[in-house]
Amino acid sequence: MSQTPTKPRSFQSIILALQNYWAAQGCAMLQPYDMEVGAGTFHPATTLRSLGTQPWAAAYVQPSRRPTDGRYGENPNRLQHYYQYQVLIKPSPPNLQELYLGSLAAIGIEMELHDIRFVEDDWESPTLGAWGLGWEVWCDGMEVSQFTYFQQVGGQDCHPVSGELTYGLERLAMYVLGVDHVMDMPFNDPDALIPLTYRDVFKQTEEEYARWNFDTANTEVLLRQFEEAEAHCKMILEQPHLDPKTGKRIIMVHPAYDQCIKASHIFNLLDARGVISVTERQAYIGRVRSLSKLCADAFVQTDAGGWSEDAA
Amino acid sequence: MSDLLIELFSEEIPARMQARAAQDLQKLVTNGLVEAGLTYASAAAFSTPRRLALTVEGMLDASPAVVEERKGPKADAPEKAIEGFLRGAGLTRDQLEERDTPKGKILFAKINKPGRPAAEIVAEVLETTIRNFPWPKSMRWGSGSLKWVRPLHSIVCILTGEDGAEIVPMEIDGIQSGDITYGHRFLAPDVIKVTGFEDYEAKLARAKVVLRADARAETILNDANNLAFASGMEVVEDAGLLAEVAGLVEWPVVLMGNIADDFLGLPPEVLQTSMKEHQKFFSVRNPKTGRIERFITVANRTTADEGATILAGNEKVLSARLADAKFFWENDLRVATSKDGMATWVKALENVTFHNKLGTQAELIERMAVLAGELAPMVGAKKEEAMEAARVAKADLSSEMVYEFPELQGLMGRYYASAAGMSDAIAAAAQEHYAPLGPSDDVPTAPVSVAVALAEKIDKLTGFWAIDEKPTGSKDPFALRRAALGVIRILVENELVFSFSAVVHTSYAKIINSVVNTIAVFKEHKIGSGDTAYETYSLVGGLDELDGGLVDEILFTEFKGRQEGVGHHEGTWVGDDKATLRQLDSVEKIKADLLSFLHDRLKVYLKDQGIRHDIIDACIAMEGNDDLTLLVKRARALSETLKTDDGENLIQGFKRANNILTQAEEADGVEYSYGADVKFAETDEERALFKALDDAEAVITPAMEKQDFTTAMSAMADLRGPVDAFFDAVQVNSDNPTVRRNRLNLLSRIRSICSSVADLTLITG
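Residues numbered from 1 in each chain as written. Chains lettered and ligands numbered in written order. Predicted model: local features only at pLDDT ≥ 70, side-chain atom pairs only at ≥ 80, totals over all residues. Heavy atoms only, no water.

Asks: Help me understand the sheet that holds strand S4 (residues 66-74) of chain B in this model?
Replies: The pairing of strands in a sheet comes from backbone hydrogen bonds and takes either a parallel or an antiparallel form. Residues and elements named next belong to chain B. Taking strand neighbours across the sheet as the criterion, the three strands line up as S4-S6-S5 in an open arrangement whose pairing is antiparallel. The open sheet is flanked by S4 and strand S5 (97-101), the only strands paired with a single partner. Strand-to-strand twist across the sheet, computed as the mean angle between neighbouring axes with direction ignored, equals 35 degrees. Pairing of S5 with strand S6 (residues 104-113), which is carried by five bridges, proceeds in the antiparallel orientation. The residue bridging Asp100 from the neighbouring strand is Lys105, located in S6. Each of S4 and S6 touches helix H2 (residues 79-89); the most contacted strand, S4, lies at about 170 degrees to it. (Pairing = 2+ DSSP bridges. Helix = DSSP H or I, 4+ residues; strand = E, 2+ residues; numbered from the N terminus. Axes fitted to C-alpha atoms, helices over the stretch in contact; angles between N-to-C directions. Contact = heavy atoms within 4.5 Å.)

Asks: I'm lost on the environment of Leu242 of chain B in this one. Help?
Replies: Residue and element names in this part refer to chain B. Along the chain, Leu242 turns up in helix H6 (residues 239-246). Linking Leu242 and Ile220, residues 22 residues apart in sequence, is a C-alpha distance of 7.7 Å. When neighbours within four sequence positions are excluded, Leu242 is seen to be in contact with Ala217, Ile220, Leu221 and Phe282.

Asks: Quick question: what am I supposed to make of the confidence of the model for chain B here?
Replies: Segments scoring low in pLDDT should not have their predicted coordinates read at a detailed level. Averaged over chain B, the pLDDT score is 87; the fraction of residues at 70 or greater is 91%. With pTM at 0.77, the complex prediction returns an ipTM value of 0.93. (pLDDT = per-residue confidence, 0-100.)

Asks: So what exactly am I meant to see when it comes to the interface of chain A and chain B here?
Replies: Interfaces are frequently sized by the accessible area removed from exposure as the parts join. The partner chain B presents 43 residues to the 41 residues of chain A that form the contact. Carbon and sulfur atoms make up 51% of the surface buried where chain A meets chain B, a total of about 3400 Å² over both sides. The largest contributions to the chain A side of the interface with chain B come from Leu113, Arg117 and Glu120 of chain A, which together make up 16% of the buried area. Along the contact surface separating chain A from chain B lie five salt bridges. Its salt-bridge partner being Lys316 of chain B, residue Asp180 of chain A comes within 3.4 Å of it at the nearest N-O pair. The tally of links from chain A across to chain B stands at 21 residue pairs in polar contact (both at pLDDT 80 or more). Secondary-structure elements contributing two or more residues to the side of chain A that touches chain B are helix H3 (96-106), strand S4 (116-120), strand S6 (130-139), strand S7 (142-153) and helix H8 (278-299) of chain A. Classifying every residue of the side of chain A that touches chain B gives 20 nonpolar, 11 polar and 10 charged. (Buried area = accessible area lost by both parts, 1.4 Å probe. Salt bridge = Lys/Arg side-chain N within 4 Å of Asp/Glu carboxyl O. Polar contact = N/O pair within 3.5 Å; in protein donor to acceptor, adjacent residues only side chain to side chain. Nonpolar A, V, L, I, M, F, W, Y, C, P; charged D, E, K, R; others polar.)

Asks: Can you walk me through the packing of helix H25 (residues 645-668) of chain B against helix H29 (residues 737-755) of chain B in this structure?
Replies: Residue and element names in this part refer to chain B. Two elements in contact, H25 and H29, have axes whose closest approach is 9 Å; the angle formed by their N-to-C orientations is 130 degrees. As the angle between them shows, H25 and H29 are arranged oblique. For the element pair H25 and H29, the recorded crossing hand is left-handed. Mapping the contact onto sequence places Leu650, Phe654, Ala657, Asn658, Ile660, Leu661, Thr662, Ala664, Glu665 and Asp668 in H25 and Arg740, Leu744, Leu747, Ser748, Ile750, Arg751, Cys754 and Ser755 in H29. Grouping the amino acids of the contact of H25 with H29 by side-chain chemistry returns 10 nonpolar, four polar and four charged. (Parallel < 35°, antiparallel > 145°, perpendicular 65-115°, else oblique. Left-handed = near helix turned anticlockwise from the far one by under 90°.)

Asks: Sorry, what's going on with H6 of chain B here?
Replies: It helps to recall that an α-helix has 3.6 residues per turn; residues three or four apart then point in one direction. Residues and elements named next belong to chain B. Among the residues of H6, Leu241, Leu242, Val245 and Ala246 are the ones counted as buried. For H6, the angular spread of buried residues about the axis comes to 130 degrees, placing them on one side. Among the exposed residues of H6, those pointing more than 90 degrees away from its buried face are Ala239, Gly240 and Ala243. The inward-facing, buried residues of H6 contact helix H5 (213-230), helix H7 (268-279), strand S15 (282-286) and strand S16 (291-299). Its side-chain oxygen placed 3.3 Å from the backbone nitrogen of Gly240, Asp238 serves as the N-cap of H6. (Buried < 20%, exposed > 50% of the residue type's maximum accessible area, 1.4 Å probe, protein only. Arc of directions from axis to C-beta.)

Asks: What is the right way to read the pairing of strand S10 (residues 175-178) of chain B from this model?
Replies: Where a strand is regular, its side chains alternate between the two sheet faces. All names here are of chain B. Pairing analysis gives two bridges linking strand S7 (residues 152-161) to S10, with the strands arranged parallel. Counterpart to Ile155 in the pairing with S10 is Ser177. Pairing between strand S9 (residues 171-172) and S10: two bridges, direction antiparallel. Within the sheet, the bridge partner assigned to Ile172 lies in S10 and is Ile175. The loop that links S9 with its antiparallel partner S10 comprises two residues; one of these, Asp173, has a positive phi angle of about 45 degrees.

Asks: Help me understand unusual backbone geometry in this model?
Replies: Working note: non-glycine residues mostly have negative phi, and peptide bonds are mostly trans. The omega angle of the peptide bond from Lys90 of chain A to Pro91 of chain A is -5 degrees, so this bond is cis rather than trans. Counting through the fold element by element, Pro91 of chain A comes out in the loop between strand S3 (81-90) and H3. The linkage connecting Ala435 of chain B with the following residue, Pro436 of chain B, adopts the cis geometry, with an omega of -5 degrees. Inspection of the secondary structure puts Pro436 of chain B in the loop between helix H14 (424-432) and helix H15 (447-466).

Shown next as structure tokens:
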């Protein structure tokens with residue numbers, strides 16, 4: 001926090017500045033989760049680790065997919081694939097707001113010239129059975145982050161409470177870099193040997209996925225995959241805790257949670273294909289939620305979830 | 001005497017909760033203090049985004065000592081009972097007093113409760129207040145268990161007396177009370193030590209915090225008006241937004257920005273809504289062009305560049321927002337003016353559920369169209385135009401603009417319908433068919449709008465009545481009371497004369513079709529001739545008679561289907577659907593229920609206009625009470641009549657006649673209703689009454705045929721003189737049976753003539 005930040009020149013320099021900043025605050029620098037998710041919250045480092053009593057501090061970039069937001073790369077602000085920067089600290093430290101403001105300074109926002117505001121925005125994820133209270137953070141009228149104190153995840157009360165920070169990286173970077181269209185944003189340094197823009201990296205994929213998401217994804221296959229992931233998740237968690245091969249107590253929460261994430265993403269794809277009616281929508285969300293609840297219940301039975309032999 | 005200052009300093013409190021929280025803080029703390037014996041002279045509470053503050057002035061330094069007397073057991077009660085009493089009172093046996101009472105010697109204890117110092121009481125009351133604070137939503141943080149709206153950081157709690165300020169020591173979940181607070185988050189974040197309320201408010205002001213929300217609002221309003229005025233513009237007033245913005249800043253700095261020319265062509269409501277909802281901007285209008293051309297934003301700080309960076313940022317965000325709005329607007333206009341036009345949107349509503357038992361929005365629209373068509377001739381609209389208007393009215397629900405800004409529904413429909421080249425009447429109906437939205441909202445008056453507005457509301461009422469989702473107590477999730485009041489006001493204020501029940505009948509037939517269609521069984525299996533079968537049944541009187549037969553057949557087929565793996569529905573929906581079908585009441589019952597619901601709403605509506613309940617009841621009891629306009633006319637005329645001396649007294653005469661008659665009829669076991677003849681009259685008064693009744697009848701009967709209640713009732717009130725004179729002079733129960741019978745039959749004429757205008761027996765007093 002001590003060095004004066006240099007004005008960032010590219011998308012990646014902002015990501016790197018955030019990484020450095022949160023590493024300096026003592027967070028574990030994790031990597032993106034290797035599955036398709038709708039938001040950084042779905043990473044087990046947030047969803048599962050916000051449960052139970054064990055302390056936790058992690059930060060990571062998470063590629064996120066929202067099929068319905070695809071605009072073939074033409075909309076200046078909307079993408080079906082984008083990056084979130086996620087920080088989760090448990091228990092939430094008393095100076096989390098100050099730490100957060102420090103991160104804005106670290107990416108080159110001159111704090112004395114801007115108007116930063118914490119505006120009420122309660123967070124709720126019906127698919128995760130989770131909610132929290134907090135704000136959207138405004139910088140000169142623009143939402144640059146989401147700031148949440150988790151109260152419940154997977155239907156479980158959070159004790160202690162985690163503080164979660166989510167930065168929409170493209171939007172934040174566009175603001176800091178003064179870019180109007182996301183595709184014009186320099187991805188690496190404009191003076192690099194091979195300068196690349198966001199367009200060079202993602203324009204084609206946005207087109208490909210938009211077409212696939214909206215028109216091509218085979219809904220029958222997806223519907224089947226949804227059912228399979230759901231059944232799979234339940235099956236995994238129904239296994240006895242004691243592994244017959246090793247004789248160890250192994251609850252397979254993460255494999256089960258992978259299936260929950262899968263079901264959630266497939267639901268998003270089905271939604272984008274427009275085959276889910278308003279009433280069915282609620283039912284699907286409810287089904288994903290019951291999976292995440294099962295996973296949450298199972299996680300608090302594990303070591304990482306704060307389970308101990310003596311207490312049990 | 002001393003003064004108390006409390007400040008609860010936290011992370012940012014949602015703007016909408018601040019004012020209420022300040023009131024609650026004041027109420028809870030002062031109530032607690034008074035309850036404990038600490039009275040005070042005055043109190044006031046304040047809020048900013050980061051703090052709640054309370055000042056209590058002229059408070060006692062300690063609660064007064066009190067002596068409490070407690071009645072115990074009898075003096076000769078068992079030892080155990082006395083011991084228990086002593087333990088409770090904290091006394092010994094010799095400190096008790098024996099008193100003779102009618103019930104014998106009884107023990108009394110006098111307990112001296114010494115006064116307690118204010119600090120002790122304040123600490124207790126504040127802790128209870130914090131732990132039980134009625135936030136609409138509260139949360140935990142860190143490892144603690146305390147709940148507050150957002151993390152609570154520090155507590156100022158000081159008592160200031162003649163000797164200076166003193167901290168009231170207390171601790172709650174690790175937060176120690178003290179005498180320090182903090183200034184503005186960015187402009188003056190340093191620690192501030194305070195000694196009392198005046199000092200606190202002054203030091204905060206120096207640290208760029210305006211403590212009073214109304215002062216912040218005033219600054220915002222004045223500065224905004226001045227800025228706008230200086231450029232020849234005016235701020236569009238918005239009290240709700242002003243209060244909210246005053247809750248978002250501790251140090252308001254008003255800035256005015258430009259809306260890029262590209263967006264000035266958007267409808268002003270779109271500009272205003274987008275700026276307000278997303279950005280909390282005030283709209284600034286150019287009075288010369290009538291357009292919204294600028295905006296006011298309120299920052300929470302001053303900057304070295306005088307807000308230039310902040311304003312540039314806000315303008316940029318606004319441009320992105322308005323680019324979205326413009327994109328929606330242009331896309332929507334393209335659809336509205338395309339070959340299929342707004343029908344494209346209605347088609348899309350086939351996939352949008354209105355209610356899971358009442359079908360889709362598209363079905364609703366079709367029902368509305370049929371109903372509006374039926375209503376059209378009664379309200380003076382052309383049938384085809386009313387039907388088209390109903391089909392267009394809700395199309396905008398599929399538009400991109402309304403998806404983004406639901407509050408613009410109707411208004412956008414009007415713009416789009418105009419753009420699509422529809423008549424002004426149809427375009428207006430798109431906006432006006434939602435009206436009236438509240439008791440003070442204008443009712444539509446244009447015939448096409450009236451037809452569609454009535455169709456929308458009557459369909460809603462009939463539909464939710466048919467599936468038994470009526471309002472109960474304070475629960476009215478579908479706003480059916482508002483719909484009923486809407487129907488009443490549209491009919492009455494436009495003086496529309498027609499039978500409400502007949503319209504409900506038409507509506508019901510359509511509703512039943514939708515309800516049946518929502519049941520998946522029908523879609524998948526098409527039992528028999530499907531819809532037609534149900535249509536027939538529903539029209540003859542509800543689905544009651546289906547109980548044993550068709551319903552079970554449907555359910556059995558579905559059950560078989562499931563066994564064979566045809567159906568893929570889960571859970572208990574078969575049972576639910578069975579219940580749904582069986583819940584459907586017969587159309588006659590629904591008509592009666594709905595009418596009585598409307599009558600109840602009508603009573604509320606008329607009571608607000610000064611018409612008494614019993615007057616309305618007397619009118620409701622008459623035939624044709626499902627014509628609300630007539631009902632109201634009748635009630636108004638009766639109310640006016642009863643305000644006159646004659647009217648009021650005639651009621652007494654009528655009641656007297658009615659009582660005598662009823663008693664005689666009960667005693668004699670006959671009904672006196674016919675055959676009064678003037679030739680049996682013995683007195684002048686009697687003959688005068690015959691004449692008066694003949695005269696009144698000659699006026700009232702034709703007047704009633706013309707539904708001219710005022711004339712009829714005035715003629716009725718004219719009977720007061722002859723009726724009074726008759727009772728003064730004549731003994732009805734004459735010894736001569738012929739004369740008696742004739743007089744009773746005469747009374748019966750009073751009854752029948754008066755009863756032709758309203759059921760006057762229901763008038764009280």
